[in-house]
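Residues per chain are reported as follows:
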Amino acid sequence: MLVIVALSFSLAIMISIPAGVIANQESTQNLTRNLNSTIIETEQQINQSTTLIECTTSTGSMFSGPPSDMSGFPSSGMNRSGFSFTREEFYMNESVVGNIGSIAGVKDVVPFLVKSSSETTQETITTPMGDFTMSRPLYTITGVCLNSSFIDEYSVLPTNITAGRNLREGDSGVLLMSLNLSKYYGIGVGNEVDVNGTSFTVVGIYDQAGQNSMETRGVYMNLTDAQTITNEIGNVSRLDLYAENVSVVDTINTQIQSMYSNEINAREISVSTYADRLANLQSQQTRYTELLNNAESTVAQTQSVATQEIIVALAATSLIVLFVMLYTVRERTKEIGTLKAIGFSNWSVMSQFMLEGVILSLAAGVVGIGIATVGAPILSGVLLPAVNPFGSRSTGFQTGGLGTVASLGSSTASAVVTPTIMLLALGAAVLLGAVGSLYPAWRASRTRPAEAMRYE
Amino acid sequence: MSEAVTEAVLKTEKVTKVYTMGKREVRALSDLNLQVNRGEFVAIMGPSGSGKTTLLNVLGCLDKPTAGKVVLDGVDVSKLPEGELYKIRRNKIGFIFQTFNLLPYLSACENVELPMENTKRPKNERRQRARELLKLVGLSGREDHRPQKLSAGEQQRVAIARAMANDPAIILADEPTGNLDTQNKHEVVRLLANLNINRGTTIVIVSHDSQVASHTERMLLLKDGRIAKEKQGLHLVKKKLMCPYCGSKIQPNDEKCPSCKKRL
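Keep in mind it's a predicted model, so treat the numbers as computed, not measured.

As a further point, take the overall build of chain B. For chain B, the count of helices and strands is eight helices and ten strands. Counting every position in chain B, which comprises 264 residues, the buried fraction comes to 55%. Look at the contacts in chain B between residues 6 or more apart in sequence, and 64% of them connect residues 24 or more apart. Roughly 12100 Å² of accessible area belongs to chain B as shown, and the carbon and sulfur atoms make up 47% of that amount.

Shown next, in the form of structure tokens:
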């Protein structure tokens, strides 16, 4: 019985390791896919808006923004002792809209107000370097200037509406809510919700699938409503400035830079053009490549560890079979002698004991599969190094940024024992049983029949 | 059995067996000549160390003689390689052991079937024969019992049935009553005697129990690896259906003599 337990554990380990390796490879593939799709998505957004110049205030959008927002991956403001966001908030006065709008070549200026809700939640993020608990706003309020020409021409509102309708010109006292926030509250279209003390009606639910989970918790509403409830009357946090054509973008940029040089130098306002965003994307891509390389090298490491461990497990399994069968053969010398005395050939005695070893190992294999099916994630977690895209440098986490951590979280696959692995394991059990019992069975077949005569 | 038939089933010619123990040589059998005829019931007796077990091993093809010839049912087995010997053991010899040597995890019936495994006999026929043999040794109804559920005497009777499974030319029994009480001892000896009378089975018993040996027809006394003495046993008289004590007529299955009431 004890033997079966030991054997099945050794086989369970043998099964869990490949399951773990496959899971790690899957994680890396998921990571690659997530990062690539993020890049492609962002690139599409950038290419769609070559005439767009973004003016964002420093409070801007730590976590959120309209679909065109590029700053989804803030690069500062976090430390490992808990995440704290201590940057001072800064808002532009709406008069800026007029000032910028009067620059020659500017077609439209779309104002936004993005502000965090006063409610916060405690959240734990699991990363390869440990768990991080952080407090962050429950959701983001985005005020949008609901001018129908803006809505029609530019991407100012979410596009993927899963229930109800999108916002439209003239909407007031209503809001658009993200899918996960509506799930969080358990409310849907038509319900009344309280935002910073004011009651709103939910007219639609949007889903920003594809973007990382940190960004999708938000509400969209009329700009004036947003200003009122956040106590920012007359203030905006971001302007989307559209040039008449691509050729005038640089001229406009230069003018804005000179008009607001103080604010820009103080990092209260940041301005980004198509070219800036493209450059930003490229630096992001470089960072992602680094992450992927790290992940792949850890997978390679994992595989070499796995190979070693599998060899040990294989050896252990066949050694256990060997010793058990040697013991059995010794115990049953008289029986073997009897069999030979009554006319069993060497070969039939040998195959009898081989069969016994195989059955023993097979039984253990079945139990081992049972253990592995339940325990593979734990066993492979204990036995294999985790995929770590940040390499050994913990600072990698900081440069990696929040967005990456979030997309990593969804890319981690856990070890699963597939039917293929089960079949392979049974095959291995048969083989190991045969290998392990080969010598004992041979010993048995060499037993002299006269041993049967010995008295106990 | 007519005494006119004196065909040798087993014959040894100058069989010698030497064991080497370190530097010392032990001569267990020396130039031993022996003949057992078909249908005979023979006992080999002798003090311990006289070479009884060695002789039985050599006769049973469990061990090879150092020199000399062993002819079993017309085949010189002393020259055969192990690859052939197991067939001789399976087809021509039936073994009975002192400690019964039944396989504990098999039923009585399966134990009897065991020697028939690896033979051409079909499975159902093997089972059929095993049941018949168990009936012959008086164990009908106990076919499916495991050895530990059977008494010592019953176990030895299963072993006798097993020894007869392949209709061997000779049955070799090594102290078959050594582990039995008096009652069972008598039953087993009587069973062997009856098999010899009724079925003509050739039986060689090795025993140091003179009471057991006296029930055979010929007793060979082994001493220092040679046959030192030969005696007639009671069985010879019994075979002639005559009470060995009072000379009155008896039946083969009688337990006691009908006239003098002595145990046969």
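Structure shown, so let's carry the discussion forward.
Right, let's talk about the overall build of chain A for a bit. Within chain A, the secondary structure is distributed over twelve helices and 14 strands. For chain A, the proportion of contacts with a sequence separation of at least 24, taken over those separated by at least 6, is 82%. Surface accessibility of chain A: about 20400 Å² in total, with carbon and sulfur atoms responsible for 56%.

Moving on to the sheet that holds strand S6 (residues 93–96) of chain B. All names here are of chain B. With mixed pairing, six strands are arranged side by side in an open sheet as S6-S7-S8-S3-S9-S10. Among the strands making up the open sheet, the edge pair consists of S6 and strand S10 (226–232). Averaged over all adjacent pairs, the angle separating strand axes in this sheet is 20°, with direction ignored. Bridging between S6 and strand S7 (residues 170–174) involves four bridges; their strand directions are parallel. Bridge pairing in S7 places Ile-96 opposite Ala-173. Against the sheet, helix H2 (residues 82–92) makes contact with S6 and S7, and its axis sits at roughly 75° relative to S6, the strand it touches most.

All names here are of chain A. Relative to the assigned elements, Ser-8 resides in helix H1 (residues 2–48). For Ser-8, a relative accessible area of 1% puts it in the buried group. Along the chain, Ser-8 and Thr-317 lie 309 residues apart, while their C-alpha atoms are 8.6 Å from each other. What Ser-8 contacts, discounting residues up to four positions off in sequence, is Ala-364, Val-367, Gly-368 and Ile-371.

What follows deals with the interface of chain A and chain B. With 19 residues of chain A at the interface, the matching set in chain B holds 23 residues. In this assembly, chain A packs against chain B so that about 1900 Å² is buried in total across both faces, 59% of it on carbon and sulfur atoms. We note a salt bridge from Asp-63 of chain B to Arg-448 of chain A, for which the minimum N-O separation is 3.4 Å. Scanning the region where chain A abuts chain B turns up seven residue pairs in polar contact (both at pLDDT 80 or more). Contributing elements (two or more residues each) for the side of chain A that touches chain B: helix H9 (333–341) and helix H10 (346–383) of chain A. Ranked by residues supplied to the side of chain A that touches chain B, first place goes to H9 of chain A with six residues. Considered class by class, the residues forming the side of chain A that touches chain B number nine nonpolar, five polar and five charged.

Residue and element names in this part refer to chain A. Summarising the element assignment, Val-144 is placed in strand S6 (residues 140–144). On the basis of relative accessibility, which here comes to 0%, the residue Val-144 falls in the buried class. Separated by 80 residues in sequence, Val-144 and Thr-224 have C-alpha atoms that sit 8.3 Å apart. Leaving out residues up to four positions away in the same chain, Val-144 has contacts with Pro-111, Phe-112, Val-156, Leu-157, Tyr-220, Met-221, Asn-222 and Leu-223.

Let's shift gears to the nonpolar core. Counting residues in hydrophobic clusters, the biggest one holds 38 residues, and the most contacted among them are Ile-100, Leu-175, Met-177, Val-195, Met-221, Leu-241 and Ile-256 of chain A. In terms of nonpolar packing, the next biggest core, distinct from the first, is built from 35 residues, Leu-59, Cys-61, Phe-95 and Val-204 of chain B among them.

This next bit is on the packing of H1 of chain A against helix H8 (residues 274–331) of chain A. Residue and element names in this part refer to chain A. Running from N to C, H1 and H8 cross one another at 170°; their axes reach a closest spacing of 9 Å. Overall, the two elements H1 and H8 adopt an arrangement that is roughly antiparallel. Here the contact of H1 with H8 is built from residues that sort into 29 nonpolar, twelve polar and four charged.

Going through the model one piece at a time under the given rule, you end up with 23 salt bridges over all chains. The shortest N-O distance in the salt bridge between Arg-332 of chain A and Glu-356 of chain A comes to 2.7 Å. Of the two residues, Arg-332 of chain A sits in the loop between H8 and H9 while Glu-356 of chain A sits in helix H10, which places them 24 residues apart along the sequence. On the basis of relative accessible area, Arg-332 of chain A is assigned to the buried category, the value being 17%. Overall, Glu-356 of chain A belongs to the partly exposed group, its relative accessible area being 28%. Its salt-bridge partner being Arg-218 of chain B, residue Glu-230 of chain B comes within 2.9 Å of it at the nearest N-O pair. With Glu-230 of chain B in strand S10 and Arg-218 of chain B in strand S9 (residues 218–223), this pair connects stretches of sequence that are twelve residues apart.

This part is about the side chain of Asp-108 of chain A. All names here are of chain A. Note on placement: Asp-108 falls in strand S3 (residues 106–116). It is Lys-107 that comes nearest to the buried, bridge-free Asp-108 among opposite-charge side chains, at 4.9 Å. At 2.7 Å, the side chain of Asp-108 and the side chain of Tyr-154 are in polar contact. The contact partners of Asp-108, leaving out residues within four places of it in the chain, are Phe-150, Glu-153, Tyr-154, Asp-240, Leu-241 and Tyr-242.

Residue and element names in this part refer to chain B. In space, the four strands of this open sheet follow the order S2-S1-S4-S5, with antiparallel pairing throughout. If you trace the sheet from one side to the other, it starts and ends with strand S2 (24–37) and strand S5 (75–76), each paired once. Two strands pair when backbone bridges link them, and strand S4 (residues 67–72) and S5 are joined in this way by two bridges, in the antiparallel orientation. If you follow Leu-72 over to S5, its bridge partner there is Val-75. Lying on the sheet, helix H1 (residues 52–59) is in contact with strand S1 (8–21), S2 and S4; it crosses S2 at an angle near 60°.

So, about the confidence of the model for chain B. Residue and element names in this part refer to chain B. Summary statistics for chain B give a mean pLDDT of 88 and a share of 96% for residues scoring 70 or more. Averaged pLDDT values over the elements of chain B bottom out at 70 in helix H8 (residues 234–239) and peak at 95 in helix H3 (residues 108–113). Here the complex is predicted with pTM 0.67, and the ipTM for its interfaces comes to 0.86.

Criteria and thresholds
Residues numbered from 1 in each chain as written. Chains lettered and ligands numbered in written order. Predicted model: local features only at pLDDT ≥ 70, side-chain atom pairs only at ≥ 80, totals over all residues. Heavy atoms only, no water. Helix = DSSP H or I, 4+ residues; strand = E, 2+ residues; numbered from the N terminus. Buried < 20%, exposed > 50% of the residue type's maximum accessible area, 1.4 Å probe, protein only. Contact = heavy atoms within 4.5 Å. Areas by Shrake-Rupley, 256 points an atom, 1.4 Å probe, with all protein chains shown as cover. Pairing = 2+ DSSP bridges. Axes fitted to C-alpha atoms, helices over the stretch in contact; angles between N-to-C directions. Buried area = accessible area lost by both parts, 1.4 Å probe. Salt bridge = Lys/Arg side-chain N within 4 Å of Asp/Glu carboxyl O. Polar contact = N/O pair within 3.5 Å; in protein donor to acceptor, adjacent residues only side chain to side chain. Nonpolar A, V, L, I, M, F, W, Y, C, P; charged D, E, K, R; others polar. Core = buried A, V, L, I, M, F, W, Y, C linked by side-chain atoms within 4.5 Å. Parallel < 35°, antiparallel > 145°, perpendicular 65-115°, else oblique. Lys, Arg positive; Asp, Glu negative; His and termini not counted. pLDDT = per-residue confidence, 0-100.

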